[in-house]
Amino acid sequence: MSPTSPANPACPTRRLTTAQALVAFLARQYTERDGRRQRLISATWGIFGHGNVAGIGQALMEAGGGRSGGGGNGGAGNGAAHRMPYLQGRNEQAMVHAAVGYARQSGRLSAHAVTTSIGPGATNLVTGAALATINRLPVLLLPGDTFATRPADPVLQQLEVEYAGDVSVNDCLRPVSRYFDRITRPEALIPAALQAMRVLADPAGTGAVTLALPQDVQAEAYDWPEEFFAERDWHVRRPAPDPHELEAAVRAVRSARRPLIVAGGGIRHSAAEETLAAFTAATRIPVASTQAGKGALRHDHPADVGGIGHTGTATADELARTADLVIGIGTRFSDFTTASGTLFANPAVRVLHLNITGFDAHKLAALPLVADARAGLEALTAALAGRGYRVDPAYETEYTGAKEAWEERVEASFATPDPTARPTQTQVLGLLDALVTEDDILINAAGSLPGDLHKLWRTRSRDQYHVEYGYSCMGYEIPAAIGVLLAAEGRTPRRPVWALVGDGTYLMNPTEIVTAVQENLPLKLVVLQNHGYASIGGLSESVGAERFGTAYRHRDADGGFTGPPLPVDLAANAASLGMRVLRATTVDDLRTALSEARDAGGPTCVYVETETPDTVSGPPPAQAWWDVPVAETASRPAAVKAREEYDRQVAARRRHL
């Protein structure tokens, strides 16, 4: 029998610590969309220290603790359905990346929480939080905080701010969170927790949510109303378009002769891929994709023309230059997509933007259509159906022919004429392309790989292409792959999940290999050793910085980095962390190693040193510009020449007003 509140004897209460109450509350939150119901917070990642070990740590132990909600006595009133699984991380930033990978694979309908100690444990969350918020992906952050009661000031790891007594390092998380609160009294958790769930389940407002938890408040007991622990369903809405905006959108489409769709990540978040396919079947409008939107249509769909922007295909970019109507769907229109404002070059071009947020829908002075991507496309398809709109057959013939020509360039890039040679990076992708099916998932985030993948990869399913390019964060791939594997658990056969990284990215954040080994997750890690920051090296050369500081080499006699490559053995490092490692030195070796890794039941690494590409096996060059300002004055010829090219390109930029 639960006690009752002295203030209201009819209201039963439960005496728990703040941390125990929070964990019990989280275990009873659900999302619902289209009749599908799932846990909103399905697990909690944690690294413990002072600031969370006696609060959230103790509460998680009582709440089940195991990965599947295993043992424990349910001390916070948890039955089997309400246990809170615990996942052990090695790096706080990586735990957030894993949670983000999980949320993306779960369609933003389920998320993970991340708990840390105070001090460096908390500040390590900032990069992951920024990534989550920029990509509009939900994650709940529960950093420990300094004492609310201030019995000793300062405590270990406390930041002292002379002008404010209520500031801690956790305030670094404010600008990268969609919601932030500091729980300085137990009862303050009730409204804060409800607000946190509202934001996490809001398709227009989701991202990182932070509840900073002073360590004394975590351990403080309170008589919580039983109603706080009732199961709650948070409906993930699909807002329909405003009739006035819809009619304006229909008029814009009907008057367009060369329309082009730019498919963004909102299509995936809305699960609108089939709706987009139906829209293109009716209208024959071609579809280009951003990094987040790639996979909105299969690569072999007649209307798919590939990636758009600086890393896009020649087909998509030429269509963008001549389009008279650009139809954005669920995109942020970043500078990579718009080629820094130079891509949509038709003087008469207009922009129509279907987006769930008004903030994004109005970018580029667009005609806004504020709605859920699926609901908006359904409404637009229905409104156009009775008015007989379809693009001119000559336009359709033009873009399908251009797509076929681009496929020939892809084949040339993937070609491996000498099976005994060391492979290039694009040949690695070609070998992987020949191996995978629609079940495989590829994860990447930074370096030169995203550009090659965006141009060349043939996406076979809606969720195969997982490239994080909102924040383009080195070190995302390995932990994100773990999150994706956790989200895909229970499917038979288990989906192969590949994390593709260069040596620079690997060195940033390999720690969660240990987590994959601990959980026996069949992560397939492909490490491409090219002895430096290849992507930034190429960019450096193009802007006149002459690849300064981008090679992993010994110093030369003049103090530069042009000596022999460093004797770093990343394969040995991966093996030391518990992975099975397959080394490949030739194209044939690599083909065999990739096939063996795909069939492996545990974490497996394929390690290969890549060759500098030549004109046959290298990727096609950038098909559109990207604005990286070049020194206006310089003494070295490379920079002077680069500035001349910069001035020529920037002259083509326009503001869409």
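Residues numbered from 1 in each chain as written. Predicted model: local features only at pLDDT ≥ 70, side-chain atom pairs only at ≥ 80, totals over all residues. Heavy atoms only, no water.

A. Here's a closer look at the overall build of the protein chain. For the protein chain, the count of helices and strands is 24 helices and 25 strands. In terms of overall dimensions, the protein chain has a C-alpha envelope of 75 × 70 × 55 Å along the principal axes. A burial count over the protein chain gives 58% of its 657 residues as buried. If you take every contact in the protein chain between residues at least 6 apart in sequence, the share linking residues at least 24 apart comes to 75%. When the accessible surface of the protein chain is summed, it comes to about 25700 Å², and 53% of that surface belongs to carbon and sulfur atoms. The averaged location of the 71 negative side-chain charges in the protein chain is 4 Å from the averaged location of its 62 positive side-chain charges. (Helix = DSSP H or I, 4+ residues; strand = E, 2+ residues; numbered from the N terminus. Buried < 20%, exposed > 50% of the residue type's maximum accessible area, 1.4 Å probe, protein only. Contact = heavy atoms within 4.5 Å. Areas by Shrake-Rupley, 256 points an atom, 1.4 Å probe, with all protein chains shown as cover. Lys, Arg positive; Asp, Glu negative; His and termini not counted. Charge placed at Lys NZ, Arg CZ, Asp CG, Glu CD.)

B. Inspection of the sheet that holds strand E14 (residues 259–263) at higher detail. Strand order across the open sheet formed by 6 strands is E16-E15-E14-E17-E18-E19, with parallel pairing between neighbours. A strand with exactly one partner marks an edge of an open sheet, and here the two such strands are strand E16 (304–307) and strand E19 (367–370). Strand after strand, the sheet turns through a mean of 20° between neighbouring axes, direction not considered. Relative to strand E15 (residues 287–289), E14 runs parallel, the two being bridged by 3 bridges. Its bridge partner lying in E15, Val262 is registered against Ala288. Running over the sheet, helix H11 (residues 314–322) touches E14, E15 and E16 and is turned about 100° from E16. (Pairing = 2+ DSSP bridges. Axes fitted to C-alpha atoms, helices over the stretch in contact; angles between N-to-C directions.)

C. Seen up close, helix H15 (residues 393–414). Between its first and last C-alpha, H15 extends 32 Å over 22 residues, near the 32 Å set by a 1.5 Å rise per residue. Along H15, the residues classified as buried are Tyr395, Glu396, Tyr399, Lys403, Trp406, Val410, Ser413 and Phe414. Buried residues of H15, viewed axially, fall in a sector of 95°; they line one side. The exposed set on the far side of H15, more than 90 degrees from its buried face, consists of Pro393, Ala394, Thr397, Glu404 and Glu408. (Expected span 1.5 Å × (residues − 1). Arc of directions from axis to C-beta.)

D. Geometry of the packing of aromatic side chains. Tallying each qualifying case throughout the model produces 11 aromatic pairs. The interplanar angle of 25° and the centroid separation of 5.4 Å between the aromatic rings of Phe48 and Tyr86 together place this pair among those described as stacked. Note that Phe48 is positioned in the loop between strand E5 (41–46) and helix H2 (56–62) and Tyr86 in strand E7 (residues 84–88), a separation of 38 residues in sequence. Residue classification places Phe48 among the partly exposed positions, given a relative accessible area of 33%. Ring centres 4.5 Å apart and planes at 65° place the aromatic pair Phe336 and Trp626 in the edge-to-face group. (Phe/Tyr/Trp six-rings, centres within 6.5 Å; stacked < 30°, edge-to-face > 60°.)

E. Seen up close, the side chain of Asn444. Considering the arrangement of structural elements, one finds Asn444 in strand E20 (residues 441–444). Excluding its chain neighbours within four sequence positions, the residues that come into contact with Asn444 are Leu449, Pro450, Leu453, His466, Val467, Glu468, Glu477 and Leu500.

F. Region of the structure containing the nonpolar core. Leu276, Ile308 and Ile329 are the most contacted members of the largest nonpolar core, which has 52 residues in total. With 6 residues, the top contributor of residues to this core is helix H14 (residues 373–385). Here Ile329 is in contact with Ile261, Val262, Ala263, Gly264, Ile267, Leu276, His353, Leu354, Ala373 and Leu377, once residues within four sequence places are set aside. Membership of the second largest hydrophobic core comes to 51 residues, among which are Ala98, Leu131, Val501 and Cys605. (Core = buried A, V, L, I, M, F, W, Y, C linked by side-chain atoms within 4.5 Å.)

G. Examining the pattern of salt bridges more closely. Scanning all chains against the criterion turns up 39 salt bridges. Measuring nitrogen to oxygen at the nearest pair gives 2.8 Å for the salt bridge that ties Arg14 to Glu226. Linking Arg14 in strand E2 (residues 8–17) with Glu226 in the loop between strand E12 (221–225) and strand E13 (232–235), this pair joins segments that are 212 residues apart in sequence. Between Arg136 and Asp360 there is a salt bridge, with the nearest N and O atoms lying 2.7 Å from each other. Of the two residues, Arg136 sits in the loop between helix H5 (126–134) and strand E9 (139–145) while Asp360 sits in helix H13 (residues 358–361), which places them 224 residues apart along the sequence. Taken individually, Arg136 and Asp360 each receive the classification buried, so the pair is uniform in this respect. Counted as one network, the salt bridges with shared partners bring together Arg33, Asp34, Arg238, Asp372 and Arg374. (Salt bridge = Lys/Arg side-chain N within 4 Å of Asp/Glu carboxyl O.)

H. Here's a closer look at the packing of helix H3 (residues 92–105) against H5. At a minimum axis distance of 7 Å, the contact between H3 and H5 shows a crossing angle of 20°. When the interaxial angle is binned, H3 and H5 end up roughly parallel. Every pair of crossing elements has a handedness; the one defined by H3 and H5 is right-handed. The residues of H5 that touch H3, namely those facing Gln93, Val96, His97 and Val100, are Thr127, Gly128, Ala129, Leu131 and Ala132. (Parallel < 35°, antiparallel > 145°, perpendicular 65-115°, else oblique. Left-handed = near helix turned anticlockwise from the far one by under 90°.)

I. Highlighting the environment of Ala277. In this structure, Ala277 sits in helix H10 (residues 273–283). Placed 319 residues apart in sequence, Ala277 and Glu596 show a C-alpha to C-alpha distance of 35 Å. If we ignore the near neighbours within four places in the chain, the residues touching Ala277 are Leu297 and His301.

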